[in-house]
Amino acid sequence: MNQHIEALSPPAKPRKFGFFVDGQSVEAGSREVFERNSPGHGVPVTRIPKCTPEDLDDAVAAARRAFDDRRWSGLNGQARAAVLLRAGALIRERSEEIAYWETLENGKPISQARAEVGGCADMFEYASGLARSLHGDSFNNLGDGMFGLVTREPIGVVGIITPWNFPFLILCERVPYVLASGCTIVAKPSEVTSATTLILAEILSQAGLPDGVMNVVTGSGSTIGQGLIEHPLVDMLSFTGSTSVGRKVVEAAGRTNFKKLGLELGGKNPQIVFADADLEDAADGVAFGIGFNTGQCCVSGSRLIVERSVADDLARMIEEKFTKVVIGDPLNNATQIGAITTDAQNSTILSYIEKGRAEGARLICGGEQIGLGGGRSISPALFGDVTRDMAIAREEIFGPVLTIMPFDAVEEAIAIANDTEYGLAASVWTKNIDKALLVTRRVQAGRFWVNTTLAGGPELPLGGFKQSGWGREAGMYGVEEYTQVKSVHIEIGKRSPWIA
Ligand code: NAD
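Rules used in this analysis
- Residues numbered from 1 in each chain as written.
- Predicted model: local features only at pLDDT ≥ 70, side-chain atom pairs only at ≥ 80, totals over all residues.
- Heavy atoms only, no water.
- Helix = DSSP H or I, 4+ residues; strand = E, 2+ residues; numbered from the N terminus.
- Expected span 1.5 Å × (residues − 1).
- Buried < 20%, exposed > 50% of the residue type's maximum accessible area, 1.4 Å probe, protein only.
- Core = buried A, V, L, I, M, F, W, Y, C linked by side-chain atoms within 4.5 Å.
- Domains from an automatic or database assignment.
- Contact = heavy atoms within 4.5 Å.
- Patch = residues over 30% accessible without salt bridge, like charges linked within 9 Å, V, L, I, M, F, W, Y side chains within 5 Å.
- Areas by Shrake-Rupley, 256 points an atom, 1.4 Å probe, with all protein chains shown as cover.
- Salt bridge = Lys/Arg side-chain N within 4 Å of Asp/Glu carboxyl O.
- Lys, Arg positive; Asp, Glu negative; His and termini not counted.
- Charge placed at Lys NZ, Arg CZ, Asp CG, Glu CD.
- Pairing = 2+ DSSP bridges.
- Axes fitted to C-alpha atoms, helices over the stretch in contact; angles between N-to-C directions.
- Left-handed = near helix turned anticlockwise from the far one by under 90°.
- Nonpolar A, V, L, I, M, F, W, Y, C, P; charged D, E, K, R; others polar.
- Near = heavy atom within 4 Å.
- Polar contact = N/O pair within 3.5 Å; in protein donor to acceptor, adjacent residues only side chain to side chain.
- UniProt positions renumbered as here; feature names shortened; annotations may be inferred.
- Parallel < 35°, antiparallel > 145°, perpendicular 65-115°, else oblique.

**Points about helix α9 (residues 243-255)**
With 13 residues, α9 ought to run about 18 Å at 1.5 Å a step, and its terminal C-alpha atoms sit 18 Å apart, in line with that. Among the residues making up α9, those that are buried are Thr243, Gly246, Val249, Ala252 and Ala253.

**Regarding the nonpolar core**
Ranked by size, the top nonpolar core spans 70 residues in total, and within it Ile91, Phe124, Val175, Leu179, Leu200, Leu204 and Met214 carry the most contacts. Of all the elements, helix α4 (residues 110-133) adds the most residues to this core, at ten residues. Built from parts of two domains, this core gets at least three residues from each of domain 1 (15-265 + 468-486) and domain 2 (270-450). Setting aside chain neighbours within four positions, we find Leu200 in contact with Ile91, Phe124, Phe168, Leu171, Cys172, Val175 and Met214. If you look at the next biggest cluster of nonpolar residues, it comprises 29 residues, including Ile305, Ala393, Ala417 and Ala445.

**Quick word on a negative patch on the surface**
There is a patch of like negative charges on the surface, built from Glu359, Asp389, Glu395 and Glu421. Among the residues examined, Glu421 registers a relative accessible area of 41% and is labelled partly exposed.

**Details of the sheet that holds strand β18 (residues 381-384)**
Reading across the sheet, the seven strands line up as β15-β18-β19-β14-β13-β21-β22 and stay open at both edges, with mixed pairing between neighbours. Edge positions in the sheet fall to β15 (362-365) and β22 (447-450), since each of these pairs with one other strand and no more. Averaged over all pairs of adjacent strands, the angle between strand axes in this sheet comes to 25 degrees, irrespective of strand direction. Taken together, the three bridges between β15 and β18 define a ladder with antiparallel strand orientation. The partner of Cys365 across the bridge, within β18, is Leu382. Of the strands in this sheet, β13 (269-273), β14 (301-307), β15, β18 and β19 (401-407) are in contact with helix α11 (residues 308-324), which crosses β14 at around 140 degrees. This element, helix α14 (residues 410-418), spans β13, β14 and β19 of the sheet and lies at about 150 degrees to β19.

**Some remarks on the packing of helix α1 (residues 53-68) against helix α8 (residues 221-230)**
Two elements in contact, α1 and α8, have axes whose closest approach is 10 Å; the angle formed by their N-to-C orientations is 35 degrees. The two elements α1 and α8 meet at a crossing, and its hand is right-handed. Judged by residue contacts, Pro53, Leu56 and Val60 of α1 engage Ile224, Gly227 and Leu228 from α8. Here the contact of α1 with α8 is built from residues that sort into five nonpolar, one polar and no charged.

**Thoughts on the site of the ligand**
Near the ligand lie 27 residues; those nearest to it are Thr162, Lys188, Ser242, Leu265 and Glu396. Within the side chain of Glu191, a nitrogen or oxygen atom sits 2.8 Å from an oxygen atom of the ligand. Between the ligand and the protein, one listed contact pairs an oxygen atom with a side-chain N or O atom of Ser242 at 2.6 Å. Compared with its free state, where it exposes 840 Å², the ligand has 89% of that area covered by protein. Top contributing element to the shell around the ligand by residue count: α8, with four residues. When the residues that make up the shell around the ligand are grouped by side-chain class, the tally is twelve nonpolar, ten polar and five charged.

**Comments concerning the UniProt feature "active site" (unreviewed entry) in the chain**
According to UniProt, the positions carrying the feature "active site" (unreviewed entry) are Glu264. Relative accessible area serves as the criterion here: at 9%, Glu264 is assigned to the buried category. Contacts of Glu264, omitting those with residues within four sequence positions, involve Arg174, Phe239, Thr240, Gly241, Leu462, Gly463, Ser468 and Glu473.

**Side note on the UniProt feature "domain: Aldehyde dehydrogenase" (unreviewed entry) in the chain**
As annotated by UniProt and renumbered to match this structure, "domain: Aldehyde dehydrogenase" (unreviewed entry) occupies residues 28-488. For residues 28-488, the helix share is 42%, the strand share is 22%, and the end-to-end C-alpha distance is 48 Å.

**Looking at the packing of α8 against α9**
Where α8 contacts α9, the axes come no closer than 8 Å and their chain directions differ by 45 degrees. The angle between the axes of α8 and α9 places the two elements in the oblique class. Counting all contacts with α8, which are made through Gln226, Ile229 and Glu230, the residues of α9 involved are Lys248, Val249, Ala252, Ala253 and Arg255. Looking at the contact of α8 with α9 residue by residue, the class counts come to four nonpolar, one polar and three charged.

**Considering unusual backbone geometry**
In this structure, Asn293 takes a positive phi of about 60 degrees despite not being glycine. Locating Asn293 in the fold gives a position in the loop between α10 (279-291) and β14. Relative accessible area serves as the criterion here: at 2%, Asn293 is assigned to the buried category. Even without being glycine, Thr294 reaches a positive phi, approximately 55 degrees. Thr294 gets classed as buried once you look at its relative accessible area, which sits at 3%.

**Concerning the pairing of strand β8 (residues 157-161)**
Within β8, five of the five residues are buried, which leaves it mostly tucked inside the rest of the structure. Of the two faces of β8, the one holding Val157, Gly159 and Ile161 and the one holding Val158 and Ile160 are both buried throughout. Examined bridge by bridge, β8 and strand β9 (residues 184-188) share five bridges and lie parallel to one another. Bridging across to β9, Val157 finds its partner in Thr184. Bridge analysis of β8 against strand β11 (residues 236-240) gives four bridges, and the strand direction is parallel. Counted as the bridge partner of Val158 is Met236 from β11.

**Description of the sheet that holds strand β1 (residues 15-16)**
Spatial ordering of the open sheet is given by β1-β5-β4, a layout of three strands whose pairing is mixed. Edge positions in the sheet fall to β1 and β4 (33-37), since each has one partner strand and no second. Where β1 lies against strand β5 (residues 44-49), two bridges are found, and the strand directions are parallel. Opposite Lys16, over in β5, you have Arg47 as the bridge partner. Here helix α3 (residues 95-106) sits on the sheet in contact with β1, β4 and β5, set at roughly 95 degrees to β5.

The following block contains the structure:
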């Protein structure tokens, strides 16, 4: 199924998936099943087992055994790299299939899903090199009697909990790096978008990953997710999702075994545009930054902070872009904005649009519910007359809602940008290098873009400042996150005795 098919349609009946433990796909059997309706079409597309607490225990036990007997961590980097490279090739081979199921469960445009899957293969290919370059440090300056080594060891069994907005991409920003480090995995995807995580488990097995190294349990956050964050045999937990569940993850780790945590949480990300920017580029980038993935993106640029002298012009240019963007069937190649992923998220976004109006902001355009046959979307909303205290300017909406706040001086732009509990990402648009660097240094965000937005790839690390999270994923930083450091002092020659 890897030709580029021009006219796709939803499947005639839902595809059944099993969960994945110890190298085997396990069918639902007598377990309850979650049936997922495509948010773009309103028809059932997948059936996923609801795992039991016993299934979770089995998965963690398999990952524990696979780590403790060193079947993966004991291999050399070359052998681990070979598996990751094969996995990258298999993802490319099955890219159409992965993109199709991603679009059906999530509602994102198929063209975007295809690009994401290509990026995921690249993550595996890049991480394969890191499996070979991971190394420690040495101290040859401790005198003739001592030599010091710092080694990196894989931390152990890693739980990975992912959200529904980028089910495959977020997974692949973690899995290859975790595997490069030598750890084993129990992944728990969002209950509404589990299909592509299960396809990845199958691919890794085909690529030669030993049984038990990658396990996937499916089910709700409150049962299987909560069980995973509390599990005493899990050494580290990488959680991507909301700040409220992130807090539960921290509490659970504190209550149980103090597992190490990686957290990627929410964002309310600024787009700072100076009057000297290329306004055509800025308008396009800002529209893309909030329209991409229907704004259901932790790094969406949802706060436009623009120099007052060009604010009206830029608003007009963005409005024009918003009215031209193609909203439609996610399976259509031409679609740029697809469906809102869940009914709950659809209601949340609409309620914020109402709240914005009620608080006195001016809706310049968009914010309308759009029917997609069986599914639904929301046209990108642009709000003017926004003040810093309004909910639409402060809270993460996770939808296509852009607020405009004008500024007069650089310091004011920086202050508005930093006036948030979050610190995930930020963009600055200017042709003045001094302003670009000043803002890049002073705005608190883990990811920064200058004259662009949402750029990424396997090389640069991802993660947030402030309440947007802990730790970094991707790049060599992403591999090192899943290791722990051991210091080794080695005495050379005869010991000088304590008791002579
Ligand atoms: P969510 O927090 O509701 O769910 C995320 C995952 O956690 C899901 O797999 C869910 O089943 C699981 N979960 C829910 N309750 C749990 C519990 N008690 N214990 C353990 N796991 C539990 O988030 P969501 O609605 O899927 O995604 C939207 C949120 O995710 C947004 O706030 C967004 O900012 C954030 N997000 C952040 C990033 C990032 O990289 N920073 C990326 C994507 C999404």
